[in-house]
Amino acid sequence: MSTIKEQAAPFGVLYADPPWEYRHKVTGRGGRGAASHHYKTLTLKEICEFPLPDISKDAFLWLWLTNPIMSEGWHVDVCKAWGFKPQSILTWVKTGIGMGYTLRSATEHLLVARRGKPKVKDHSISTWFSAPRLRHSEKPEKAREIIEKICDGPFAELFARRSIAGWVCTGNELGSGA
C-alpha cells in the first residue's frame, strides 16, 4: 500500500474506504462477494496501524462501513487508533439489492468522525442520500460532493481507486483502471 509523502499543509479531511478483511462468523470464510476476491484486504489491526498523513488538529474523518463492519464495531477501534471521535453516520441508500448474511444489503454507511473542532460549512445536509449501486467497493461521487460541501480541505483519500482533482489520493489501485 502506498502512502502520502507530500502535501502542502495538514489535511482537514481524511476520507477512507479501508480494504476490510472479515469472515463470516459461521463458516470462517469470505462469501462469494468477499472483498478478498477483488483486492488485497487488511486486518483490523493493520488498518488501525496504517500510516496516516499529517492531519490537522481540527479535522474530519469520513470512514466507509458495511453493515457487517458496523455491527462488529470495528469503526470504533479505527477511530480511536487514528485519533478521531465518531459523531454521525451518512447512509448511502443503493438503488438495487446486494449481498448479505441475514438481510440483503441495500445500504452502506459513511461514518463522520472528528478530532478537535473542525468547521462545518453547511448544516443543511441530510443523514442519507440515494445513488445507484456501482461495481464492487466503488463509491458514488455524491459522497465526495457532500464532503466538499460540508468541510474545508485540504482533502486526503486513503485506499483510493482513482485520482480526483483537488484531492491527494493514495492506494494500490490508483492508475490500474479499477
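Predicted, not measured: the structure shown is a model, and the values here were computed from it.

Engineer: Can you break down the packing of aromatic side chains residue by residue, with the values?
Structural biologist: Using the criterion set out here, one finds six aromatic pairs in the structure. By the ring-pair criterion, three or more aromatic residues cluster together here, those being Tyr 15, Phe 155 and Trp 167. A cation over a ring is seen here: Lys 94 above Trp 92, with NZ or CZ 4.6 Å from the ring centre. If you follow Arg 144 out to its NZ or CZ, it ends over the ring of Trp 167, 4.6 Å from the centre.

Engineer: Describe helix H3 (residues 74–82), with residues and values.
Structural biologist: Within the sequence span of H3, burial applies to Trp 74, His 75, Val 78, Cys 79 and Trp 82. What you see down the axis of H3 is that its buried residues fit within an arc of 140 degrees, all on one side. One or two steps after H3, the chain reaches Gly 83, where phi turns positive at roughly 85 degrees.

Engineer: Please give an account of unusual backbone geometry that cites residues and values.
Structural biologist: Of note, the bond from Gly 153 into Pro 154 is cis; its omega dihedral lies within 30 degrees of zero at -5 degrees. With respect to the secondary-structure elements, Pro 154 resides in the loop between helix H4 (141–150) and strand E6 (155–158). A positive phi angle is found at Phe 159, which is not glycine, with a value near 65 degrees. With respect to the secondary-structure elements, Phe 159 resides in the loop between E6 and strand E7 (167–169).

Engineer: For H4, give the residues involved together with the corresponding values.
Structural biologist: Listing the buried residues of H4 in full gives Ala 143, Arg 144, Ile 146, Ile 147 and Ile 150. With its buried residues spanning 160 degrees around the axis, H4 presents them on a single face.

The rules behind each value
Residues numbered from 1 in each chain as written. Predicted model: local features only at pLDDT ≥ 70, side-chain atom pairs only at ≥ 80, totals over all residues. Heavy atoms only, no water. Phe/Tyr/Trp six-rings, centres within 6.5 Å; stacked < 30°, edge-to-face > 60°. Lys NZ or Arg CZ within 6 Å of the ring centre and 35° of its normal. Buried < 20%, exposed > 50% of the residue type's maximum accessible area, 1.4 Å probe, protein only. Helix = DSSP H or I, 4+ residues; strand = E, 2+ residues; numbered from the N terminus. Arc of directions from axis to C-beta.

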